[in-house]
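Close look at the chain arrangement
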Amino acid sequence: MKSPTFAALVLAAGMFTPVLAQNDRPAKPTPGGGAPATSVPTVRERPARAAQPELPKIDSERVAVSISKGVELLLSMQEAGEAATEKAQWPYEGVYRVGGKIPVGYRVGGTGISVLALAQAPGYANDAPRKEAVRRAVGFIMASTTHELMNPDYDSTYDTRGWGYTYALLALLKLKSMNEQPSDLGTEALTAMKVKTDADAMDAAIRWCIDCIQQTEIPKVGGWNYARSGGKSGVSAMSPFMTGPTLQGLFQARSMGYAVDEVVVDRAVGALLRSRTPTGSYTYAGDARENPEPVAGAVGRMLVSEVTLSLCGKSDVSRVRAAVDAFFVHWDWLDRRRAQNGTHIPPYSIAPYYFYYAHYYAAQAIEMLPKRDREEYRRRLSELLWKNQLEDGSWNDRVFPRSRNYGTAMSMMALMMPEAPKPAEWKAAAVEGAK
């Protein structure tokens, strides 16, 4: 069955339906065809409209309390690794295991996301405990680059190391842009990066992430996916879910002076465009002509994809707005899968881990809209976040206790998005030819 357009879904949901005031309705004609008992007033006769009340604004005090509590919670959730005694990581926990253990890609990726939230929260520069936690985390990220399951030269068909490359890159770039590069990273981190100073280690780690991302693009297709059916060299389907954030990391790296392969970006942008369906949704993986998907199951992918494409001139405000509106229209479908067992469950194959991912990228998309429109969208998003905030102040969209750090960090960043710098744009000439 063909998916309805987004406009049809919005109209079906009752949004934007004009409602006439009672005194604006045409009067019924009198029996016998005479003049109506009450004529419709002309424009000049209508009284001036009463002053409209201001729309409610986001509860800034509650935002501040939530962020402060989130920082406290994340610091308490940092943990030691398998053979380490120092608390240095925030593992993301899902159903996937390698040898019965959380894969290192999830450990590095989850740690990067928590670092992003802690560094962005107000007061970081003068918060010694927070900076110490981040120092340990950066040391862990660097030491992990020598782990066999972080090697970009691999041939497995399902793997999560790409999440480690992407969110480690974003975290390291965030710290460097803030001029908050940690010192005293430790011998293991410096040895892993093959350098002698902390500053050199930071640059080496950023370049390592970029190189790994570029090495692991899907051959012939472009973009990235954590499930490569074709293995190392075969053709696989691109995932918008993973490609959008990864491109944003490369855009940011390029804006800060790091070398990024324009051809890799060009191919990824082209693959992302091919995954957009006529209704505005995005496929879970692959080409839209082969895998069309309904809007309700794609709102998270729509948000990150349209934001990312707009950053390189391949989307516009109307598409970004449509993705944001789709998120609010279909939010109940996301919420039904929050903190549930299983992953891709019918009717829309929504996995629980899309929940706070979608909220984060909804917040990012809202900031791409005209300034006059942002406040109401921000307020509505914050209300949805608080609706599912747990009693201790954290957020968790999985059934696993460890994923609470991920949900908390993503929700904190969504609430802080109005003050966050805009994601870096990409203006390379190669992108202009992407199809």
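Our subject is the structure listed above.
The notes below deal with the structure included here. Quantities reported herein were computed from a predicted structural model and do not represent experimental measurements. (Residues numbered from 1 in each chain as written. Predicted model: local features only at pLDDT ≥ 70, side-chain atom pairs only at ≥ 80, totals over all residues. Heavy atoms only, no water.)

**Quick notes on the overall build of the protein**
Check the secondary structure of the protein and you find 15 helices and 0 strands. Once local pairs closer than 6 in sequence are excluded, the contacts in the protein between residues at least 24 apart make up 68%. Accessible surface computed for the protein: about 20,200 Å², of which carbon and sulfur atoms make up 52%. (Helix = DSSP H or I, 4+ residues; strand = E, 2+ residues; numbered from the N terminus. Contact = heavy atoms within 4.5 Å. Areas by Shrake-Rupley, 256 points an atom, 1.4 Å probe, with all protein chains shown as cover.)

**Focus: the nonpolar core**
Within the largest apolar cluster, 127 residues are counted, with the highest numbers of intra-cluster contacts made by Met 142 and Phe 327. No other element matches helix H13 (residues 354-366), which puts 11 residues into this core. Apart from the residues lying within four places of it in its own chain, the contact partners of Met 142 are Leu 185, Ala 189, Ala 192, Met 193, Ala 201, Met 202 and Ala 205. (Core = buried A, V, L, I, M, F, W, Y, C linked by side-chain atoms within 4.5 Å. Buried < 20%, exposed > 50% of the residue type's maximum accessible area, 1.4 Å probe, protein only.)

**Digging into the packing of helix H2 (residues 60-77) against helix H15 (residues 404-416)**
Across the interface, H2 lies against H15 with an axial gap of 10 Å and an inter-helix angle of 150°. Taken together, H2 and H15 sit at an angle that is classed as roughly antiparallel. Here H2 and H15 pass one another in a crossing that is left-handed. In this structure, H2 contributes Val 63, Ser 66, Ile 67, Gly 70, Val 71, Leu 73, Leu 74 and Met 77 to the contact, and H15 contributes Arg 404, Asn 405, Thr 408, Ala 409, Met 412, Leu 415 and Met 416. (Axes fitted to C-alpha atoms, helices over the stretch in contact; angles between N-to-C directions. Parallel < 35°, antiparallel > 145°, perpendicular 65-115°, else oblique. Left-handed = near helix turned anticlockwise from the far one by under 90°.)

**What to know about the pattern of salt bridges**
Summed over all chains, the structure comprises 24 salt bridges. Salt-bridge contacts for Asp 335 lead to Arg 338; the nearest nitrogen and oxygen are separated by 2.8 Å. The buried category is assigned to Asp 335, whose relative accessible area is 19%. Salt bridges sharing partners connect three or more residues here, namely Glu 86, Glu 132, Arg 135 and Arg 136. (Salt bridge = Lys/Arg side-chain N within 4 Å of Asp/Glu carboxyl O.)

**Re the side chain of Arg 161**
Here Arg 161 lies in helix H5 (residues 161-177). Using a relative accessible area of 3% as the deciding quantity, one classes Arg 161 as buried. One polar contact links Arg 161 to Asp 159, side chain to side chain, over a distance of 2.6 Å. Those residues within four positions of Arg 161 in sequence are excluded, and the remaining contacts are Gly 105, Glu 148, Leu 149, Met 150, Asn 151 and Tyr 154. (Polar contact = N/O pair within 3.5 Å; in protein donor to acceptor, adjacent residues only side chain to side chain.)

**Details of the side chain of Thr 308**
Looking at the secondary structure, you find Thr 308 in helix H10 (residues 299-311). For Thr 308, a relative accessible area of 1% puts it in the buried group. A distance of 3.4 Å separates a polar atom in the side chain of Thr 308 from the backbone oxygen of Gly 244. Within the structure, the side chain of Thr 308 is placed 2.6 Å from the backbone oxygen of Val 304, a separation counted as a polar contact.

**Concerning the packing of aromatic side chains**
When we look at a pair of aromatic rings, we describe it by the centre distance and by the angle of the planes. Inspection of the entire model under this criterion finds 20 aromatic pairs. Between Tyr 158 and Tyr 226, the ring centres sit 5.5 Å apart and the planes meet at 80°, which makes this aromatic pair edge-to-face. Highlighted residues: Tyr 158 in the loop between helix H4 (128-143) and H5 and Tyr 226 in the loop between helix H7 (198-215) and helix H8 (240-255), separated in sequence by 68 residues. Of note, Arg 338 hangs over the ring of Phe 355, and the distance from its end group to the ring centre comes to 5.8 Å. A cation sits over an aromatic face here: Arg 380 above Phe 328, 4.2 Å from the ring centre. (Phe/Tyr/Trp six-rings, centres within 6.5 Å; stacked < 30°, edge-to-face > 60°. Lys NZ or Arg CZ within 6 Å of the ring centre and 35° of its normal.)

**Considerations on the state of the cysteines**
One pass over the full model with this rule turns up 0 disulfides. The thiol sulfur of Cys 212 is not disulfide-bonded, and the nearest other cysteine sulfur, from Cys 209, lies at 6.7 Å. For Cys 212, a relative accessible area of 1% corresponds to the buried category. (Disulfide = S-S within 2.5 Å.)

**Regarding H8**
Its 16 residues place the ends of H8 22 Å apart at the C-alpha level, agreeing with the 22 Å of an ideal helix rising 1.5 Å per residue. For H8, the buried fraction is high: 13 of the 16 residues fall into the buried class. Positioned one or two residues after H8, Gly 257 has a phi angle of 95°, which is positive. (Expected span 1.5 Å × (residues − 1).)

**Thoughts on the packing of H13 against H15**
The geometry of a pair of packed helices is captured by two quantities: the angle between their axes and the separation between those axes. Contact pair H13 / H15: the axes reach a minimum separation of 8 Å and the direction vectors enclose 15°. When the axis of H13 is compared with that of H15, the two are roughly parallel. In this structure, H13 meets H15 at a crossing whose hand is left-handed. Residues Tyr 356, Tyr 357, His 359, Tyr 360 and Ala 363 of H13 touch H15, and the partners they reach there are Tyr 406, Gly 407, Met 410, Ser 411, Met 413 and Ala 414. The class makeup of the residues in the contact of H13 with H15 is 8 nonpolar, 3 polar and no charged. (Nonpolar A, V, L, I, M, F, W, Y, C, P; charged D, E, K, R; others polar.)

**Regarding the environment of Trp 208**
When you line up the elements, Trp 208 lands in helix H7. Considering only alpha carbons, one finds Trp 208 and Met 142, 66 residues apart in sequence, at a separation of 9.5 Å. In this structure, Trp 208 is in contact with Thr 145, Met 150, Tyr 165 and Met 193, ignoring residues within four places of it in sequence.

**Notes on the environment of Asp 184**
Following the sequence through the fold, Asp 184 ends up in the loop between H5 and helix H6 (187-193). The spacing of Asp 184 and Gly 139 is 45 residues in sequence and 8.8 Å in space, taken between C-alpha atoms. In this structure Asp 184 touches Arg 135 and Asp 198, once residues within four positions along its chain are discounted.

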